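Listed here are the chains, written in short residue letters.
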Number of protein chains: 2
Amino acid sequence: MQAPADIASDELTDAERKALAQCRHAILGVDRPLALECGVELGPYRVAYQTYGTLNADKSNAVLICHPLTCDQFVAEKHPVTGKEGWWDSLVGPGKVLDPARYFIICVNVLGHCMGSTGPMARDPVNGQPWNLRFPVVTIADMVRAQAALLDHLGIPDLFCVIGGSMGGMQVLEWAASFPKRVFSAVPIACAAHHSAQNIAFHEVGRQAIMADPEWKGGEYRAHGTVPARGLAVARMTAHITYLSEQALQRKFGRTLQNRDALGFGFDADFQVESYLRHQGSTFVDRFDANSYLYITRAMDYFDLAAARGGGVLAKAFTGTATRFCLVSFTSDWLFPTRESRAIVHALNAAAANVSFVEVESDKGHDAFLLDEPEMFRTLHGFLQGAANARGLGNGR
Amino acid sequence: MQAPADIASDELTDAERKALAQCRHAILGVDRPLALECGVELGPYRVAYQTYGTLNADKSNAVLICHPLTCDQFVAEKHPVTGKEGWWDSLVGPGKVLDPARYFIICVNVLGHCMGSTGPMARDPVNGQPWNLRFPVVTIADMVRAQAALLDHLGIPDLFCVIGGSMGGMQVLEWAASFPKRVFSAVPIACAAHHSAQNIAFHEVGRQAIMADPEWKGGEYRAHGTVPARGLAVARMTAHITYLSEQALQRKFGRTLQNRDALGFGFDADFQVESYLRHQGSTFVDRFDANSYLYITRAMDYFDLAAARGGGVLAKAFTGTATRFCLVSFTSDWLFPTRESRAIVHALNAAAANVSFVEVESDKGHDAFLLDEPEMFRTLHGFLQGAANARGLGNGR
């Protein structure tokens, strides 16, 4: 067994250094490594996390926010790397749906990510070499077990609520299935109980774009001082299209040209939508690691809750659950369409679970869950208020 | 003005050589160059084309098939490069909807393509150097005018029918708007009167993938003896997802693994859908040119019939038309959804045109127009039979 010092000796990236300076972290798995689904025993490993608010005396007010693929633990504050506002600022803050005055809010950088938690950029404690592509493939369930280990470490027995959208919603479902007694309420938003063939296909395109970039160098780019920037940008551009709806793209950009009425008759960005996508691609490279992108997309591809926890039947993954569920989907989300949420609702009904479900009318596509959607806020506020009353959290103030 | 000999001195690729050996071609624009929309006068230029059947004495039985992005003039025969059956074998042949015993069927390799017609791989007749990225950006209207010039060359005054799907459908619409008196009937299938923001976005991802490939070398890869294979493969993979429906991917592949029940916990193709996409990508490279891919996708992006021919109003592009139209769309086509066809139908109605429209129920996505879709065949058969009677083509046999 390795000592935590091995983890401390990681060569951190600038981004990780900045991230860790602004959040908390724990070294876990020293005595008891994390048994990953792939068979590898991972330990020690670091989890970086951020918290907002204070744990009450009963330890009954903890809320875990699970972040999506390209967000991280900086939910409601200026991001240490990008300087942008928190990604779920609209939901978390004084007077908002998740008020730190009432709840102890935690968000954990998922395993395999690149904002401080152990991932492919870290060093293998066994030999001190960077993991890169030798890092074990982690799953949504592995991420969730690392979060559970952090809660143990923090002495938090259970969660008032686990909430998240997209890949965050997958983690919420995994939490509810794997640790039903530790989850009082669960809010999976804009997600699915498994990744579809089309979604796997889009991820595969992104991975191929990264791995086709000669600067990727088999994943060893850090040692070579290169960055597979163009491949990662193409991966991001592809994914970004899937986050928006056709209607939103039409409304925001249509066929509007960069240069007024004049077509350029060339391959520069003629249309505003091209310029927008290129910008999305190039800025992503500044804040995200290419190998992490491979690992996190793989984790999403592998997610299939019915197969993993229900012997092929989703309802069985939730047998006997006492958790209160609230699902939200968006009409124009074609990455995780409403029918995926409805399938989860049906399974929860079959498991006699306490479940509510709202399909929010929106033309903003999958990204709607990150945006200003009053009906989503009202739904979450009402649901959490009811759950807080049931949990004896009162009005909180 | 350059002599045709300049064209003959093109350094043909192997694929072009094989293509030209199996089809007809003409050198056009020697005396009167083609005035491209970008302002360049192109000439001389070569158009490669294939024909099936015989032109009747009245010259009244000519049918022009317009091919989509990645197909070509080999509609109904073994392809000279891939050895595969013709891409519209299901529609064209003895006893089929387009029977060579009845019609003189022509399909022209579009300008900018890579199966024998002049494109970025050809040599600029002015300086004898390969065009590559200096080839002028051509448009759908330019492609159509090159086809019209070929008809002039062949002494064919007008067409009984112009038919095509996807980019082929765009050409059909352009034909009907630009040369209404030369088009007796028009069949635009699974297309739109303009390329949407989302479709431009997907094309832009493909182009960025190609141009990000260092083997692309600013488009000069032939001189360097390289092929931007990985970039072109990623472009194809992205596009291929848009050609299929989510349902078709789910039905064909779902989450089925390559290796039975065992996840690989790595980045090889674990799921069948990944393996299928990789295959689509790698085989495409053998038959398509990367620069041509840039040019042809750009032509589609630029297509906006209302803006170009109707002063912003699509109906005005068809004012006074006597052409008979038949439109076909497919329920699961999300690249060119039914609402795009419906918008064309509305415009044709407003122009008091003779138009019929069928939305075919299919779960096969955009590619349905290339597949065995009995309802499409029945629709086209009925429409063409009526048009043939009106044209006095009788039963043809």
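Quick caveat, the model's predicted, so the values are computed rather than measured.

Caption draft 1: Representation of the interface of chain A and chain B. Opposite the 53 residues of chain A that make contact, chain B presents 53 residues. For the chain A and chain B pair, buried surface summed over both sides reaches about 4800 Å², with 67% attributable to carbon and sulfur atoms. Looking only at chain A, the three residues that lose the most surface to chain B are A:Arg255, A:Phe265 and A:Phe267, adding up to 18% of its buried area. Inspection of the chain A/chain B interface yields twelve salt bridges. A salt bridge links A:Arg255 to B:Asp304; the nearest nitrogen and oxygen atoms lie 3.2 Å apart. Our enumeration of links across chain A and chain B arrives at 26 residue pairs in polar contact (both at pLDDT 80 or more). Residue assignment for the side of chain A that touches chain B shows that the elements contributing at least two residues are α5 (197–212), α7 (229–243), α8 (246–252), α9 (272–287) and α10 (290–302) of chain A.

Caption draft 2: View of the side chain of B:Gln50. Residues and elements named next belong to chain B. Tracing the backbone shows glutamine 50 in strand β4 (residues 45–52). A distance of 2.7 Å separates a polar side-chain atom of glutamine 50 from the backbone oxygen of glutamine 22. Here glutamine 50 is in contact with Gln22, Cys23, Arg24, Gln73, Phe74, Glu77, Ile105, Ile106 and Cys107, once residues within four sequence places are set aside.

Caption draft 3: Focus on the pairing of strand β10 (residues 354–360) of chain A. All names here are of chain A. Pairing of strand β9 (residues 324–330) with β10, which is carried by seven bridges, proceeds in the parallel orientation. When the sheet's bridge partners are listed, phenylalanine 325 is paired in β10 with valine 355. Note that the unit made of β9, helix α12 (residues 338–350) and β10 has a crossover that is right-handed.

Caption draft 4: A look at the UniProt feature "active site" (unreviewed entry) in chain A. All names here are of chain A. Sequence positions flagged by UniProt for "active site" (unreviewed entry) are, in local numbering, Ser166, Asp333 and His366. These annotated residues cover 201 residues of sequence, but their C-alpha atoms sit close together, with the largest distance between any two at 10.6 Å. With respect to the element layout, aspartate 333 can be found in the loop between β9 and α12. According to the relative accessible area criterion, aspartate 333 is buried, its value standing at 2%. Here aspartate 333 is in contact with Ala190, Gly365 and His366, once residues within four sequence places are set aside.

Caption draft 5: How the structure looks around the pattern of salt bridges. Residue and element names in this part refer to chain A. Considering all chains together, one arrives at 36 salt bridges over all chains under this definition. Measuring nitrogen to oxygen at the nearest pair gives 3.4 Å for the salt bridge that ties lysine 364 to glutamate 373. Residue classification places lysine 364 among the partly exposed residues on the basis of a relative accessible area of 26%. With relative accessibility at 5%, the residue glutamate 373 sits in the buried group.

Caption draft 6: Geometry of the relation of the copies chain A and chain B. Take chain A, turn it by 180 degrees, move it 0.0 Å along the axis, and it overlays chain B with an RMSD of 0.0 Å. The operation mapping one copy onto its partner corresponds to a two-fold rotation axis. Residue by residue, 100% of the interface of chain A is reproduced at the interface of chain B, so both copies engage with the same surface.

The rules behind the values
Residues numbered from 1 in each chain as written. Chains lettered and ligands numbered in written order. Predicted model: local features only at pLDDT ≥ 70, side-chain atom pairs only at ≥ 80, totals over all residues. Heavy atoms only, no water. Contact = heavy atoms within 4.5 Å. Buried area = accessible area lost by both parts, 1.4 Å probe. Salt bridge = Lys/Arg side-chain N within 4 Å of Asp/Glu carboxyl O. Polar contact = N/O pair within 3.5 Å; in protein donor to acceptor, adjacent residues only side chain to side chain. Helix = DSSP H or I, 4+ residues; strand = E, 2+ residues; numbered from the N terminus. Pairing = 2+ DSSP bridges. Right-handed = clockwise from strand over helix to strand, strands pointing away. UniProt positions renumbered as here; feature names shortened; annotations may be inferred. Buried < 20%, exposed > 50% of the residue type's maximum accessible area, 1.4 Å probe, protein only. Least-squares fit on C-alpha atoms with pLDDT ≥ 70 in both.

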